Amino acid sequence: MSDYLDINNEELLKDFFSEAEQQVEQLESNILVIEQDPTNKEAIDEIFRAAHTLKGGSATVEMSELSGFTHAVEDLLDAIRSNKVTVTEDTIDLLLYSLDIIKAMLDARANGEIYKEDVSPTVARLRSNIPDSKDTKKTAPKASQPKPVSKPAVQPQAKAVQSNNENAVDPSSLLSEYEILELREAVPAGNKVYAIRVQFDESSLMNTVGGIQVFAALKQSALVLKTIPDFDALYEDEFHPEVLYYVASSASESNLLSIANIPDVTLNAEIDELTFSAEGSASKTKNIKAEGPATPVQPVAETQPVAAGAEQKDEAPHAEAPAAAAGDVGHPKKAPAAAANAAHSSGSVLRVDAKRIDYLLNLVSETVITKASLNQSAMEFNELYALFQNANGEYKDRIRKLLDKFPSYLEKLQQGADLNTVKKELSADYAGMFELFSQFETSMKYSVTKFRSSAQNLGRISGELQEGVMKIRMVPISQIFSRFPRVVRDLSKTLNKNIQLVIEGEDTELDKSVVEDLLDPIMHCVRNSMDHGIETPEERKALGKSEQGTLLLKASNEGNMIVIEVADDGKGIDVDAVKAKAVERGLLHPGKNLTDVEAYQLIFAPGFSTSKTISSVSGRGVGLDVVKTHIEKLNGTVTVVSERNRGTRFTIKLPLTLAIIQGLLIRVGEEVYSIPITSVIESHRVRSEEINRIDSYEVFNVRNEVISLLRLNRLFGVPSAEKGDDGHHYIVIVGTAEKKVGLMVDSLIGEEDVVIKPLKDQFTNSPGIAGASILGDGSVSLIIDVGQLLDLGLKQEMHARERREASIW
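Since we're looking at a predicted model, the values are computed, not measured. (Residues numbered from 1 in each chain as written. Predicted model: local features only at pLDDT ≥ 70, side-chain atom pairs only at ≥ 80, totals over all residues. Heavy atoms only, no water.)

Considerations on the overall build of the protein chain
Stage number 1. Counting secondary structure elements, the protein chain contains 23 helices and 24 strands.
Stage number 2. Split into buried and exposed, the 809 residues of the protein chain put 45% on the buried side.
Stage number 3. In the structure as shown, the protein chain presents an accessible area of about 40700 Å², 50% of it carried by carbon and sulfur atoms. (Helix = DSSP H or I, 4+ residues; strand = E, 2+ residues; numbered from the N terminus. Buried < 20%, exposed > 50% of the residue type's maximum accessible area, 1.4 Å probe, protein only. Areas by Shrake-Rupley, 256 points an atom, 1.4 Å probe, with all protein chains shown as cover.)

Here it is in structure tokens:
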């Protein structure tokens with residue numbers, strides 16, 4: 001038995017927004033599925049269930065504008081499900097447009113506002129697509145906008161009169177003896193028991209949730225004891241023309257009657273006072289009813305327990321949606337919109353498979369066992385230490401006695417005693433010294449073996465626990481991939497292009513924090529490919545290609561990295577146009593020869609665009625700059641390859657998680673730094689004569705490739721010998737295949753998993769530092785930001801080039 005849920009409960013509202021977001025995503029993805037396959041009954045059923053769940057959930061949290069509009073959408077979906085409406089492109093356009101309105105309504109509520117736009121034309125379009133919609137059971141004249149709620153007087157405007165309805169069933173006769181006993185026990189002291197009979201308007205837009213609305217309204221001023229039909233039945237998607245509510249309250253009959261009579265929802269309400277006899281029977285004493293619509297009265301938002309027969313229930317898809325009052329009634333403690341805003345912004349919800357939690361609990365139990373084993377080992381080591389002290393004390397005593405007695409042995413030898421006799425006497429007195437530590441040695445070997453085994457178990461469990469915790473944060477990348485079918489569809493129409501989206505690897509998992517920051521970069525890559533890459537159908541036909549272009553969105557795992565590819569089969573990158581634009585913007589000297597790979601990197605420069613016109617899609621030169629900036633913040637890399645008239649491929653590589661990385665530990669002076677292993681290409685040990693200078697810029701040659709050098713001791717101001725103990729320099733090459741720099745360090749320590757801790761205060765602006773980690777010995781190791789170092793190395797190289805070119809010209 002559960003109380004009706006409070007709309008001001010921020011946790012429940014947060015659950016509602018999370019659930020609503022999932023339902024909207026499910027709606028959008030399945031609408032696009034039936035566009036390609038109108039006969040897909042499974043997708044149609046999923047759409048209807050999602051819309052129904054969203055309608056019910058929004059109604060129970062008093063978002064009447066959302067529930068009302070979704071009801072109209074649900075009617076059209078029901079007609080599609082019943083094969084009364086054929087799915088066409090216009091139908092899909094209307095459903096997607098309606099879905100955009102639903103998103104806008106949710107966004108408005110999340111921001112503490114109510115959607116104010118008139119949706120009547122859209123509702124009319126939805127109705128016009130349904131055959132014989134005027135005769136449909138759930139059809140309403142129009143979508144009602146939420147009415148402003150003011151603080152009313154307690155007394156209603158409706159006139160209460162004596163009822164002459166002799167055909168109405170006596171509400172006391174509907175109760176069994178057991179129910180009467182249960183109701184008597186549940187009534188608080190000083191309260192009266194009433195039976196309120198409410199008739200509902202079938203033409204109401206939300207006629208299937210009318211019973212819930214009245215229940216929510218009554219709950220704020222009375223204790224709801226029982227409903228007929230049962231409360232469970234009220235939650236079903238079915239219209240109930242009449243509902244009988246048994247309540248206990250200290251409020252007046254007229255007040256309860258006005259609360260139960262909700263405009264545009266109910267037709268009439270009657271109230272009977274019930275009395276219970278000592279023999280266990282019930283009878284009604286008087287009856288009044290409300291005539292005409294009453295002014296809505298807001299009850300005080302206080303949660304009261306519900307007595308027998310009021311358990312909450314819904315269909316499976318709706319089970320997690322929060323429930324609350326659906327009528328515009330009450331003096332709430334906090335406005336529902338404000339509560340929704342607070343709940344929606346309080347943090348994202350992470351849904352975790354229960355099996356992963358069970359796996360962690362199993363590991364925790366193993367950890368407890370290992371902890372007990374280590375505690376026992378610690379006690380044994382204490383006992384061993386005591387044993388050692390005893391043996392060591394006895395050993396010292398015997399050594400002292402030996403030294404004291406040694407002169408007597410010498411004296412016996414001088415007096416001519418036989419050497420063998422003296423040796424036997426010495427052996428008899430002190431041979432036991434060799435066995436003093438034997439017991440300690442045996443116990444020590446056993447304890448060390450046991451401790452080593454426990455330490456190995458702890459290491460295994462720690463590794464599995466780390467992996468298990470990481471898996472909890474892992475979510476499928478389909479969370480963002482699922483948004484792109486709609487984006488590609490809409491943008492294709494805007495650009496007048498025929499583009500097919502192919503998605504692969506949507507089940508690939510990565511850290512939730514990475515997913516949340518990955519949408520913008522992928523979005524810019526997709527828009528760039530659609531606008532700049534894929535040609536119009538006419539251009540593709542002239543080039544001998546299929547009129548339909550293909551855009552590939554692919555995710556895959558590569559070690560502890562995730563690889564995301566955005567590829568198209570368009571015209572590719574025009575290297576000559578890129579070079580010309582770079583010269584025009586002063587990024588490149590006219591006489592400079594660039595390789596194609598170097599030219600591709602120029603498109604990531606801030607403000608760079610080869611588009612001749614500025615549109616809503618591109619031309620401002622901010623897209624790919626955003627991609628590069630966002631990906632490098634995630635400790636990732638982005639590269640691009642292209643082939644003329646064959647297409648372009650953007651490749652984004654990211655670590656699976658941002659919390660723990662594998663790092664290469666290096667030493668510079670007395671300091672230890674960590675370089676993310678994903679950014680390390682190779683390492684070298686070179687002699688001083690192998691380092692050359694070009695215009696005061698240090699470089700060295702690796703397989704006929706000139707690599708720029710950065711001395712970390714000079715960059716970070718750390719005193720250093722700059723050479724290893726063997727007189728060689730150690731150089732770590734970091735970056736990508738297209739953009740590299742060599743970091744000169746004092747020595748290489750090795751690889752180790754490091755936990756990234758953010759830096760605060762005065763350390764946040766330190767160039768080249770991404771965070772810090774605590775090593776096994778307790779010392780702090782700063783984590784190097786390779787992206788910033790690459791930019792720093794590039795700037796130094798550009799300054800050197802400028803000085804060199806200035807001297808030539």
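After that view, the rundown keeps rolling.
Observations concerning the nonpolar core
Stage number 1. Judged by nonpolar contacts, the single largest core of 48 residues is most densely connected at Ile477, Leu518, Ile522, Val526 and Ile564.
Stage number 2. The greatest single-element share of this core, amounting to six residues, is contributed by helix α17 (residues 519–533).
Stage number 3. Every residue in contact with Ile522, bar those within four places of it in the chain, is listed here: Ile480, Phe481, Phe484, Leu553, Ile564 and Val566.
Stage number 4. Counting residues in hydrophobic clusters, the runner-up holds 44 residues, among them Phe16, Phe69, Ile101 and Leu126. (Core = buried A, V, L, I, M, F, W, Y, C linked by side-chain atoms within 4.5 Å. Contact = heavy atoms within 4.5 Å.)

Things to note about the sheet that holds strand β23 (residues 769–774)
Stage number 1. In spatial order, the strands read β22-β14-β15-β24-β23; together these five strands make up an open sheet with mixed pairing. The sheet is open, and its two edges are formed by β22 (747–755) and β23, each paired on a single side. Strand after strand, the sheet turns through a mean of 35° between neighbouring axes, direction not considered.
Stage number 2. Examined bridge by bridge, strand β14 (residues 660–668) and β22 share eight bridges and lie antiparallel to one another. Bridge pairing in β22 places Ile661 opposite Val754. (Pairing = 2+ DSSP bridges. Axes fitted to C-alpha atoms, helices over the stretch in contact; angles between N-to-C directions.)

Some words on unusual backbone geometry
Stage number 1. Cis peptide bonds are those with omega within 30 degrees of zero, and the linkage from Ile228 to Pro229 qualifies with 0°.
Stage number 2. For Pro229, the location among the structural elements is in the loop between β3 (223–228) and α8 (231–234).
Stage number 3. Residues other than glycine seldom take positive phi values, yet Asn496 does so here, at roughly 55°.
Stage number 4. Positionally, Asn496 belongs in the loop between α15 (484–495) and β8 (499–504).
Stage number 5. Residue classification places Asn496 among the exposed positions, given a relative accessible area of 60%.

Topic: the confidence of the model for the protein chain
Stage number 1. Averaged over all residues, the pLDDT of the protein chain is 76; the fraction at 70 or higher stands at 76%.
Stage number 2. Looking across the protein chain, the model is least confident in strand β1 (residues 159–162), with a mean pLDDT of 35, and most confident in β8, with 92.
Stage number 3. Predicted confidence is poor over residues 134–164, with pLDDT under 50, and the contacts of this stretch with residues over four places away or in other chains come to 69 contacts.
Stage number 4. Counting interchain partners and residues more than four positions distant, the pLDDT-below-50 stretch residues 291–347 has 183 contacts. (pLDDT = per-residue confidence, 0-100.)

Observations regarding empty space enclosed by the protein
Stage number 1. Following the criterion strictly, the structure yields four cavities of 30 Å³ or more and no others.
Stage number 2. If you go around the second largest cavity, the residues you meet are Leu27, Ile31, Ile47, Val73, Leu77, Leu95, Ser98, Leu99 and Ile102.
Stage number 3. Among the secondary structure elements, those contributing two or more residues to the lining of the second largest cavity are α1 (10–36), α3 (64–81) and α4 (89–110).
Stage number 4. Of all the elements, α4 adds the most residues to the lining of the second largest cavity, at four residues.
Stage number 5. Looking at the lining of the second largest cavity, its residues break down into eight nonpolar, one polar and no charged. (1 Å grid on protein atoms, 1.4 Å probe; cavity = no way out; pocket = protein on both sides within 12 Å on 5 of 7 lines; lining within 4 Å. Points joined across faces, edges and corners; volume = space filled by probe spheres on them. Nonpolar A, V, L, I, M, F, W, Y, C, P; charged D, E, K, R; others polar.)

Some points on the environment of Val214
Stage number 1. Structurally, the position occupied by Val214 is in helix α7 (residues 210–219).
Stage number 2. Of the residues examined, Val214 reaches a relative accessible area of 0% and is grouped as buried.
Stage number 3. Distance from Val214 to Ile262, taken between C-alpha atoms, is 7.4 Å for residues 48 residues apart in sequence.
Stage number 4. Discounting residues that sit within four places of it in the chain, Val214 has contacts with Val198, Phe200, Tyr245, Ala260, Ile262 and Thr266.

A look at the pattern of salt bridges
Stage number 1. Per the counting criterion, the structure on display carries 36 salt bridges.
Stage number 2. Arg460 is paired through a salt bridge with Glu464; the nearest N and O atoms lie 3.5 Å apart. Taken together, the residues Arg460 and Glu464, both in helix α13 (residues 438–473) and four residues apart, mark about one turn of the helix.
Stage number 3. On the accessibility criterion, Arg460 (36% relative accessible area) is partly exposed.
Stage number 4. Each of Glu28, Glu35, Glu89, Asp93, Asp100, Lys103, Arg486, Arg489, Asp490 and Lys493 takes part in salt bridges that share partners, so that together they form one network. (Salt bridge = Lys/Arg side-chain N within 4 Å of Asp/Glu carboxyl O.)

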